[in-house]
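Here is how the chains run, residue by residue.
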Amino acid sequence: MRNNRYPDGGILRPIDMILWSDCRFAIRQLRKSPGFTLTVLATLGLCIGANTAIYSVLDAVLLRAVPYPQPERLAVVASVQLSNGKQELDTSQAGMQFETVRDGARAIDVAAWAPYNGANFAGLGHLEYVQQQRVSTGYFRVLGVPPQYGREFAPAEDVAGGAAVAVLSYDFWQRIFHGDAGALGRAINLRGEPYTVIGIMPRQFRSDAPIDVWTPLRPSRTGEGSGNNYGVIARLRPGVNWAEASEQVKALSRGIFESPAFPYSRNTIGFEERLIPLQKGFTDDSRTELLLTWGAVLVVLLIGCVNIAGLLLARSAARSREIATRLALGGGRGAIVRQLLVESLVLALGGCIVGVGLGLFAIRWLKQLGADRFELWHPIALDARVLAAMFAIAVVTSVLFGLAPAVSTSRLDIRAVLVEGGRGVAGTRRRWPRHALVAAEVALSLVLLVGAGLMVRTLAYLNGLNPGFDPHNVITAQASLQDARYQTAKAVSRLYAGSLAQIRRIPGVDSAAVALTLPYERPLNYGVGVLDGTMADKRSWSREVVYVTPGYFETMRIPILQGNAIRDADTAESAKVAMVSQSFARKFFVNGDAVGHHVSLDRIPREIIGIVGDVEQHSGLGDFGPLSIDPTVYVPVTQVSDGFVQVIHTWFPPKWVVRTNRPIGNLTAQLQNAVASVDPLLPLAKFRTIDQLQTGITSGQRYHAALFSILGGLALLLAAIGLYGLISQSITERTHELGVRMALGATVPQAVAAMVRPGVLLAAIGVAAGYVLSRIAVKWMEHMVWGVRPTDPMTFVGAAAILLLVAVVASLVPARRILRLDPAETLRDQ
């Protein structure tokens, strides 16, 4: 047999055999140090577990392509304002914008949609509150996914007065019609009128939300179309590139924004229409915070790598005699480096396995915490893509934390190690890399602790706000009145009066009312004019408007500060009245004296009959945070117009609110029965307490506070482990020196202080560096912080104090070994 040999006569072994031999040797070495191995696996497992969970969210939302054919040819039309070098993106479009782009940009195929909302479905003995979305002609064609059965909407159906037709989702078709292809052409009762089923979408079709039924949009430039209430999607036509399409859309901007028919008064300078890639357009609001949380877990991973690198440096010092002996016997330095890197790789892969297991639980926890709000087209789950990414991270981290110790070890001074027995080899000259690593992880830990502190303080601020009413023992429910049976204010008022009379008869109910929106929700932004007073302005400006039934303020226990409440006597035939919030009165009237003055709604004057206390709401009029107090106008539902009812119920399902004097229990069924006694085809939905409303609106802040707190705590733990290991190793290396010092008269406290001092000093250096990094990092968090400044001194000082305290404790714990040190015995052992 022919043998391939090295020049020195050794048999040439295949690389896979060499690596397999190195792996077996690495496993044997790691088994000899179970404490070290378990520490590294636990550190990596926690770091990779956190990365697994957050990466699964990032992958589902930002990295996976949208599930449509040729997704790179899809875009949304957006208005972009250019100001001071910044871009403000608005993907909501008015009817005029949609029609202008649709008719003027020949390079793209365009369709529009309206936000989904609830709708009443009745059919085949089934009553359900379903999710409905209205889309224009060509919506499914532009996405590239035609119905599996039937067809999509024809142009003649997508106009006012067009035929009432519907396309069903696959799941809804299965649930209601049990997969019967005969559903095509059948009539279903949707929104109180018959709709003919003309299409059924494929099973795999996904929209940006779980939709049951699609109906024609019937776009307009008036009513709904007079505001930014549409989304516009576009697909490049064959043979057209993005540059050509973008130029066509941009060229239409001036004609749109300068047109007298444009519904908003805007300075056209700096505004233009643009095409934004579909995925970016849909994820623009969440992109920054997702990347920020991903960055936070990468920082934790980096801290973990720094920590493990420090442990490996300490271990390499302990193995210096072994390595020196191998080098003295002819072992190559390259082979030593390779062996140590293989050992790092084995540790990284083991940590990856542990981390993926922890990641499974972390993903479930993230969903419970509110990560589901990010889901669009893809579920958040652990799949092959996430596993591949974690494997890649494991390989990269093995090099990251293993290379420096491996190279450092390979450069040992063989003679010094063998002659001195390894003592003093890890002296000052060789200690500085580990000292630098510990200071670095302290600095990075401070960044995460500051972020966690800001998130926690934001949540505490929001939870500590005075809601302005009594939230206890209140249950709410909603129903869709975008229904053919409720096209007039009279029909709506009759429903409310009848259902509330039945609800008030339920044992344990103290009071009940209906409002268009409730505290903690986003109110209607509607044109209101102030007709008299010092701030009179008869033009209609967007204000918060809520219609209510009599008894609403009593049910919510919102205090009436001045004047009278809305009463049963305020009917369609009586004088038009309104109530305003305290903030509205203070803003528009001297000394807040608004009673007796007048406002206009739909150009109809209304006398202000009372002032009520402010409540926390989710404003839609500006970037005021999750909750804010906004000037609000309340009007009786009996005194709104039919057109007002038809428009606002397109977007807002009104809320029944009930205050009880006993546990809520099975009240939901009784409320449904009470409403069914008036209208058996009107399902109530989304039964919630006020606390659940508040939790829902602050879910983002709860998610970030919990996530950053855990990441900050993990970083703090890793920093403590790093400091503990540093001091522990230092004591081991300097035991002889300590024995000599104590034999010459040094006291135990002096010896302890000498060992603890480096750890505290490194922590102080790390805190100083971390302060600089934190001031830079918080700039990325400004949009997530409310009620506290991003540079809040208390947060910075508190985080630094916690970190320094932990550093002192982590340094003192291993230093306790000095208390048991016997100088005489130590000197005899050397």
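Relevant structure appears above.
Being a predicted model, the structure only gives us computed values, none of them experimental. (Residues numbered from 1 in each chain as written. Predicted model: local features only at pLDDT ≥ 70, side-chain atom pairs only at ≥ 80, totals over all residues. Heavy atoms only, no water.)

Draft legend 1. Expanded view of the overall build of the chain. Counting its secondary structure elements, the chain contains 24 helices and 24 strands. The 830 residues of the chain split such that 51% are buried. Taking all contacts inside the chain whose residues are at least 6 apart in sequence as the whole, residues at least 24 apart take part in 81%. About 36700 Å² of surface is accessible on the chain, with carbon and sulfur atoms providing 58% of the total. (Helix = DSSP H or I, 4+ residues; strand = E, 2+ residues; numbered from the N terminus. Buried < 20%, exposed > 50% of the residue type's maximum accessible area, 1.4 Å probe, protein only. Contact = heavy atoms within 4.5 Å. Areas by Shrake-Rupley, 256 points an atom, 1.4 Å probe, with all protein chains shown as cover.)

Draft legend 2. Layout of the environment of Thr 52. Structurally, the position occupied by Thr 52 is in helix H2 (residues 34-63). For Thr 52 and Cys 352, which are 300 residues apart along the polypeptide, the C-alpha to C-alpha distance reads 9.4 Å. In this structure Thr 52 touches Gly 355, Val 356, Gly 359, Ile 363, Leu 382, Val 386 and Met 390, once residues within four positions along its chain are discounted.

Draft legend 3. Region of the structure containing helix H22 (residues 748-777). Over its 30 residues, H22 extends 42 Å from the first C-alpha to the last, a length consistent with the 44 Å expected when each residue adds 1.5 Å. Of all bends in H22, the biggest is about 30°, found at Val 756, and the proline Pro 758 comes one to four residues later. For H22, every residue scored as buried is listed here: Ala 751, Val 752, Ala 754, Met 755, Val 756, Gly 759, Leu 762, Ala 763, Gly 766, Val 767, Gly 770 and Ser 774. (Expected span 1.5 Å × (residues − 1). Bend = angle between axes of the 7 residues up to and from the residue.)

Draft legend 4. Seen up close, the pattern of salt bridges. Summed over all chains, the structure comprises 20 salt bridges. Close ionic contact of Arg 141 with Asp 109 constitutes a salt bridge, the shortest N to O distance being 2.8 Å. A residue pair is termed long-range when its members are at least 10 positions apart, and Arg 141 in helix H4 (residues 139-143) and Asp 109 in strand E4 (residues 108-113) qualify at 32 residues. Across the pair Glu 272 and Arg 274 runs a salt bridge, and its minimum N-O distance is 2.5 Å. Classification of Glu 272 as buried rests on a relative accessible area of 12%. For Arg 274, a relative accessible area of 24% puts it in the partly exposed group. Linked through salt bridges whose partners overlap, the residues forming this network are Asp 59, Arg 64, Asp 383 and Arg 385. (Salt bridge = Lys/Arg side-chain N within 4 Å of Asp/Glu carboxyl O.)

Draft legend 5. Local environment of unusual backbone geometry. Phi at Gln 70 is positive, roughly 45°, even though this residue is not glycine. Positionally, Gln 70 belongs in the loop between H2 and strand E1 (74-83).

Draft legend 6. Focus on the nonpolar core. By size, the foremost hydrophobic cluster in this structure holds 84 residues, and its most contacted members are Val 57, Leu 366, Met 390, Phe 401, Met 455, Tyr 703 and Phe 708. When neighbours within four sequence positions are excluded, Leu 366 is seen to be in contact with Ala 53, Ile 54, Val 57, Ala 371, Tyr 703 and Leu 707. With 76 residues, the next largest nonpolar core counts Val 509, Ala 515, Leu 516 and Ala 565 among its residues. (Core = buried A, V, L, I, M, F, W, Y, C linked by side-chain atoms within 4.5 Å.)

Draft legend 7. Examining the packing of aromatic side chains more closely. A complete count under the given rule lists 20 aromatic pairs for this structure. Arranged with centres 5.1 Å apart and planes meeting at 80°, the rings of Phe 121 and Phe 172 form a pair that is edge-to-face. A residue pair is termed long-range when its members are at least 10 positions apart, and Phe 121 in strand E5 (residues 117-123) and Phe 172 in helix H5 (residues 170-177) qualify at 51 residues. Each member of the pair, Phe 121 as well as Phe 172, carries the same accessibility label: buried. Among the aromatic side chains, those forming a connected cluster through ring pairs are Tyr 68, Tyr 139, Phe 140, Phe 205 and Trp 214. A cation over a ring is seen here: Arg 102 above Phe 98, with NZ or CZ 5.1 Å from the ring centre. (Phe/Tyr/Trp six-rings, centres within 6.5 Å; stacked < 30°, edge-to-face > 60°. Lys NZ or Arg CZ within 6 Å of the ring centre and 35° of its normal.)

Draft legend 8. Representation of the state of the cysteines in the model. Under the counting rule described, the total for this entry stands at zero disulfides. Here Cys 305 stays unpaired: no disulfide links it, and the sulfur of Cys 47, its closest cysteine neighbor, is 7.1 Å away. (Disulfide = S-S within 2.5 Å.)

Draft legend 9. How the structure looks around the pairing of strand E11 (residues 213-216). Two strands pair when backbone bridges link them, and strand E6 (residues 126-135) and E11 are joined in this way by four bridges, in the parallel orientation. Looking across to E11, one finds that Gln 133 is bridged to Trp 214. Across two bridges, strand E8 (residues 165-168) lies against E11 in antiparallel orientation. When the sheet's bridge partners are listed, Val 167 is paired in E11 with Trp 214. (Pairing = 2+ DSSP bridges.)

It is worth stressing that arrangement in space is one thing and function is another; only the former is reported here.
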